[in-house]
Structure formats: structure tokens, C-alpha cells
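Descriptive analysis of the structure
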Amino acid sequence: MKEGELFFCAECGHESRKWLGRCPGCGGWNTFRNRPAPVKPSLGPAARGARPIPVTEAARACHDRTPTGLPGVDRVLGGGLVEGALVLLAGEPGIGKSTLFLQVAGALASPGRPVVYISGEESAQQVALRARRLGLASESLLLLPETSCEAVLTHLEPLEPRLVVVDSVQTMVADGVESVAGSPSQVRQVAARFQWLAKVRGIPVVLVGHVTKDGAIAGPKLLEHLVDVVLSLEGEPGHDLRVLRAVKNRFGTVAELALFSMTGSGLEHVRNPSAWLLEDRQSGAPGSAIAVALEGTVPLLVEVQALVVPSALGTPRRVAHGLDGSRLALLLAVLERRTGLSFGDRDIFVNVVGGLSLREPGLDLAVAAAVLSSMIDRPLPSDAVVFGEIGLLGEVRGVSRAAERIREAAALGFARALLPERDTGGTAELEASGLRRVEELLRVLSPPSG
Ligand code: TYD
Ligand code: MG
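The following refers to the structure shown. (Residues numbered from 1 in each chain as written. Chains lettered and ligands numbered in written order. Predicted model: local features only at pLDDT ≥ 70, side-chain atom pairs only at ≥ 80, totals over all residues. Heavy atoms only, no water.)

1. Some remarks on the packing of helix H5 (residues 149–156) against helix H6 (residues 184–201)
Keep this limit in mind: Only the stretch in contact is used when a helix axis is fitted, and all axes are lines through C-alpha atoms; the angle between N-to-C directions ranges over 0 to 180 degrees. Secondary structure elements follow DSSP: runs of H or I no shorter than four residues count as helices, runs of E no shorter than two count as strands, and numbering proceeds from the N terminus. Roughly parallel covers angles under 35 degrees, roughly antiparallel covers those over 145, roughly perpendicular covers 65 to 115, and oblique covers all other angles. In a left-handed crossing the near helix is turned counterclockwise from the far helix by less than a right angle, and in a right-handed crossing that turn is clockwise. Only heavy atoms enter the contact rule, under which two residues are in contact if any of them lie within 4.5 Å. Gly counts as polar in this scheme, as do all residues outside two lists: the nonpolar Ala, Val, Leu, Ile, Met, Phe, Trp, Tyr, Cys and Pro, and the charged Asp, Glu, Lys and Arg.
Viewed as axis vectors pointing N to C, H5 and H6 meet at an angle of 15°, and their least axial separation amounts to 10 Å. As judged from the angle between their axes, H5 and H6 are roughly parallel. Regarding H5 and H6, the two cross each other, and that crossing is right-handed. Where H5 approaches H6, its residues Cys-149, Glu-150, Val-152, Leu-153 and Leu-156 are matched on the opposing element by Val-190, Arg-193, Phe-194, Leu-197 and Arg-201. Considered class by class, the residues forming the contact of H5 with H6 number 7 nonpolar, no polar and 3 charged.

As C-alpha cells, then:
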């Protein structure tokens with residue numbers, strides 16, 4: 001073995017100082033090669049003529065942000081696209097990634113500063129048809145149906161693009177990498193090439209990446225550490241609602257999110273999510289509770305519905321949509337213990353209406369209220385919202401940003417709030433009923449009418 005010689009797996013990039021028949025990284029057979037994969041200089045943000053500078057000075061050289069023209073996207077990015085940023089947009093196939101960034105591309109493209117949309121998945125005609133459907137007819141929106149990184153970089157050389165969109169990273173191939181498109185080593189090398197483009201030429205690059213429900217094989221997970229920003233576009237099948245959030249953001253917070261609605265002409269920013277989510281609500285029905293959940297920094301009013309029915313099965317069903325199933329199980333256990341009601345022979349279905357997925361402790365009290373309401377068939381007051389965390393002992397615990405939640409509820413016309421006693425201070429906007437224990441919910445449920 002020559003000094004410094006290295007072997008690597010062509011499938012997953014695993015390195016070893018000697019040749020191996022089976023890769024310990026991915027389990028592949030005969031995948032080892034004795035020539036390291038060629039890597040373009042993968043420059044970090046610090047590599048451009050770096051010298052030590054005082055931190056005060058560095059802060060002044062702030063990032064230049066370009067607003068994308070889509071307020072929802074800007075909000076999640078923290079104000080716009082940063083020069084030289086490498087952004088990963090992850091989401092399940094069919095969720096609307098291509099649609100969203102074709103809209104961004106169309107909004108940003110201007111004469112002299114084109115946007116290049118690299119399509120490795122669809123033909124230029126297909127993308128053009130979609131662009132027409134979205135009402136985008138800009139001469140400066142350039143489509144490039146190409147899957148070779150090197151060819152793309154050559155095409156980009158004479159251009160000064162304002163943005164480059166790569167759709168998708170899994171379809172691109174880098175020269176000299178033997179494995180198939182979408183394999184871990186390809187994806188890594190492709191990303192390294194576009195990172196070079198972003199950092200050296202200062203062009204923001206968006207890599208679109210598919211994730212699959214069963215945990216992203218050669219995809220976005222692999223790239224999270226490499227890119228500056230990871231955006232995730234989520235939604236439930238069959239629902240129009242899409243949630244865009246930042247999972248990682250080197251230039252801003254990860255607390256922001258934006259809601260979009262998939263319409264016949266692309267994704268539309270939902271400016272008043274609470275009103276949108278409550279549109280189809282029928283007030284006064286047992287099993288319904290309006291929760292005030294905090295998503296990022298935004299208080300959102302959502303309806304939680306529960307259906308508790310006698311079970312025909314030996315093991316009753318527990319189905320949770322839009323909330324964590326094990327959290328539901330825990331809440332049911334606490335409710336059984338504290339109220340004396342028994343759920344052992346009941347099927348229980350709980351749904352967060354609208355297709356949102358929430359993981360927020362403040363939702364607990366609304367879930368408990370909806371379940372109890374369905375169980376005893378009595379509605380909650382129709383002008384009330386509910387929020388609060390429930391502890392294992394049945395205590396109702398305070399939540400963060402209670403005042404903002406109350407303000408949002410009052411703004412949408414709600415007159416009452418059932419909330420943790422700790423959070424009742426200074427609530428002038430509506431009537432606050434402080435609860436200390438979960439069983440106090442039973443007192444609130446109105447007696448049957450008639
Ligand atoms: P797409 O952006 O192709 O998803 P992804 O790139 O994440 O795979 O979106 C595909 C879906 O969006 C498809 O089912 C059609 C729907 N759609 C609309 O409802 N309205 C539109 O204006 C567009 C362009 C797509
Ligand atoms: Mg797509």
C-alpha cells in the first residue's frame with residue numbers, strides 16, 4: 001500500500017486505509033475504490049480571503065438579504081435570501097416544493113439578474129406549463145433541464161443569477177463519482193459543488209430534496225450539516241394546508257413558520273391562519289374544543305375534535321391525527337385517574353382540524369376538554385378557547401406566551417378562555433377561567449339542553 005493511499009465506498013463514501021470487500025458503512029459488496037472522489041474545494045464561509053477581525057467589525061458586515069417576493073417565505077428565512085446562502089428545501093414528493101420555488105424564481109427574476117431553475121426531474125416543457133399555470137411569464141426565468149453538475153456550472157459561468165434552484169439534488173450527478181444519482185456519495189458531492197457555487201460566487205442556491213416517510217435514505221438528512229438553511233415543507237395528504245418552517249437557519253431563528261394553501265394557481269400565503277383554520281367550524285357540538293397552540297412564535301387557533309364511542313374490539317382503538325399518539329395515551333390515563341371515567345371499552349379518535357401537525361404541550365387541555373366533551377356528550381361553551389399543559393398528577397400547568405394566545409383569541413371574537421390558573425394574570429381582553437386541575441373541566445361542560 002502506497003503512503004497516503006485511501007479507499008472509499010462508491011455508494012456511501014465510507015473511507016478506509018485498506019480495500020474492503022464489504023463496506024462497514026452501508027453494507028454494500030465490492031463497492032470500494034482506491035481513488036478518492038474528486039472534490040472541488042469545498043469552501044466554508046470563512047475561506048474568502050479570511051483574516052482575524054474584531055467581532056464588532058464582523059457584525060457590521062451584515063448579510064445582504066434579498067426579499068423573495070413571497071412574504072411567507074421571507075418570514076421563514078428571517079427576511080429574505082442571504083447572498084451566498086446554500087438552502088435545502090426538504091419535503092415529501094408531491095407536497096409542493098417545485099411549485100413553491102418556481103413561484104419564488106418567477107418573483108425574483110428580473111432583466112440582467114435572471115433566476116436559473118435547474119430541472120433534473122421534469123422536462124423544460126413540463127416546468128413551463130406549470131409556470132404558465134402559476135402566471136409566471138418572465139424572460140428572465142431561465143429553465144435548464146440538466147442533470148450533470150459540471151454542465152450546469154459551465155452554463156452558469158457567464159450569468160449573474162440572482163438565485164439558482166436545483167430541483168432536485170437527488171437527480172443530479174457529479175463528474176467522477178461512480179455511484180447512481182441519489183446515492184449518498186452522489187448527493188454529498190453534488191451538494192459540495194453547489195456549495196462552491198454559493199460561497200465563491202455569492203449566489204444563493206436552493207437545493208430541493210425529497211424525503212420519504214420512512215426516513216430519507218439518500219437525502220436531506222445527509223446534507224443538514226453542510227447547508228446554511230434547511231426549510232421543510234409539510235402537509236397532510238388530502239389537505240390544502242402546507243406549513244413551511246425553518247429547521248435550521250444560520251442567518252435567523254428557527255421559530256418562524258408560514259402557512260400556505262395549495263390552490264389551482266399555486267401556493268397562496270395564508271395571512272390569517274387562525275381565521276382560515278376555523279372557517280368550517282360548527283359551534284356547540286360535543287367533542288370540539290378550540291385550542292390556542294403556539295407554533296413557532298405564532299399563536300394559532302385550531303379546532304381539536306374528539307370522538308369517543310363504544311368499542312367492539314378487545315383492544316380499543318386510539319387514533320391521533322395531528323398530535324402525538326403517545327401524548328394522547330398519557331392524557332387519557334391522567335383523565336381516567338382524575339375523573340373516574342373509564343375509557344377501557346371506548347374507541348377514541350382525536351383530530352387537529354385542517355391538517356396541521358402540532359407538538360405543543362399547550363394543546364393538552366384542549367385535547368382533554370374535547371375527549372371529556374365527547375365522552376359525556378356535552379359541548380364546551382362555544383365562545384371559549386382552551387389552552388394549558390397537563391401534568392401526570394392531573395395538574396394544569398402554565399404555558400409560554402399566554403398573553404399573546406389570549407390576544408389572538410380575543411381578536412377572533414372569543415369571549416372566554418379556559419387556561420392555567422397561573423396564566424390568568426392581566427387578562428382584560430376576555431373572561432379568563434383559571435383551572436388548577438384537569439377534573440375541573442367537567443364543571444365547565446354545560447348541562448345537556450332540553
Ligand atoms: P409539486 O410542486 O410538483 O410537488 P413536489 O415538487 O414537492 O414533488 O406539487 C405537486 C402537486 O401540487 C400536484 O399534486 C399538483 C398540485 N398543484 C396544485 O394544486 N396547484 C398548482 O398550481 C400546482 C402548480 C400544483
Ligand atoms: Mg418537484
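Once you've had a look at it, read on.
2. Comments concerning the sheet that holds strand S19 (residues 384–386)
Operational definition: A pair of strands is treated as paired once DSSP finds two or more bridges between them.
Taken in spatial order, the 7 strands of this open sheet run S17-S18-S16-S15-S19-S22-S23, and their pairing is mixed. Since the sheet does not close on itself, it has two edges, and those belong to strand S17 (318–321) and strand S23 (431–435), each with one partner. In this sheet, adjacent strand axes meet at a mean angle of 25° when their direction is disregarded. One ladder, built from 5 bridges, connects strand S22 (residues 416–420) with S23; its direction is parallel. Within S23, the residue paired with Ala-417 across the bridge is Ala-432. Taken strand by strand, helix H10 (residues 364–376) contacts strand S15 (288–295), strand S16 (298–310), strand S18 (346–352), S19, S22 and S23, and its axis lies near 30° from that of S16. Contacts between helix H11 (residues 402–411) and the sheet are confined to S15, S16, S19 and S22, with S16 contributing the most and set at about 80° to the helix.

3. What to know about the nonpolar core
The criterion, for reference: Residue types Ala, Val, Leu, Ile, Met, Phe, Trp, Tyr and Cys, when buried and joined through side-chain atoms within 4.5 Å, form a set referred to as a nonpolar core. The buried label applies to any residue whose accessible area, calculated with a 1.4 Å probe on protein chains only, is under 20% of its type's maximum; exposed applies above 50%, and partly exposed to all values in between. Domain delimitation follows an automatic or database domain assignment.
Val-350, Leu-356, Leu-363, Val-367, Val-371 and Leu-441 are the most contacted members of the largest nonpolar core, which has 47 residues in total. Elements represented by at least two residues in this core include exactly strand S12 (241–249), strand S13 (257–263), S15, S16, helix H9 (325–339), S18, H10 and helix H12 (441–444). A per-element tally of this core places H10 first, with 9 residues. The two domains that each donate at least three residues to this core are domain 2 (66–271) and domain 3 (276–444). Not counting the four nearest positions on each side in its chain, Val-350 is found in contact with Val-304, Gln-305, Ala-306, Val-319, Ala-320, His-321, Leu-323, Leu-328, Val-367 and Val-371. The next biggest cluster of nonpolar side chains, apart from the first, holds 37 residues, and it includes Leu-81, Leu-163, Ala-246 and Phe-251.

4. A closer look at the site of ligand 1
Heads up, the rule is: If even one non-hydrogen atom of a residue comes within 4 Å of a molecule or strand, that residue is called near it. For this analysis, a polar contact is any N or O atom pair within 3.5 Å, provided that within protein one partner can donate a hydrogen and the other can accept it, and provided that sequence-adjacent residues contribute only side-chain to side-chain pairs. Accessible surface is estimated by sampling points in the Shrake-Rupley manner with a 1.4 Å probe; for residues, cover comes only from the protein chains shown.
Surveying the vicinity of ligand 1 reveals 16 residues, the closest of which are Gly-94, Ser-98, Thr-99, Thr-263 and Gly-266. One of the backbone nitrogen or oxygen atoms of Gly-94 is found 2.6 Å away from an oxygen atom of ligand 1. Arg-130 is positioned such that a nitrogen or oxygen atom in its side chain is 2.9 Å from an oxygen atom of ligand 1. Its free accessible area being 560 Å², ligand 1 has 76% of it covered by the protein chains. Within the residue set of the shell around ligand 1, elements represented by two or more residues are helix H3 (97–108), helix H4 (124–133) and S13. When residues in the shell around ligand 1 are grouped by element, the largest group, 3 residues, is from H3. The residue inventory of the shell around ligand 1, partitioned by class, reads 4 nonpolar, 8 polar and 4 charged.

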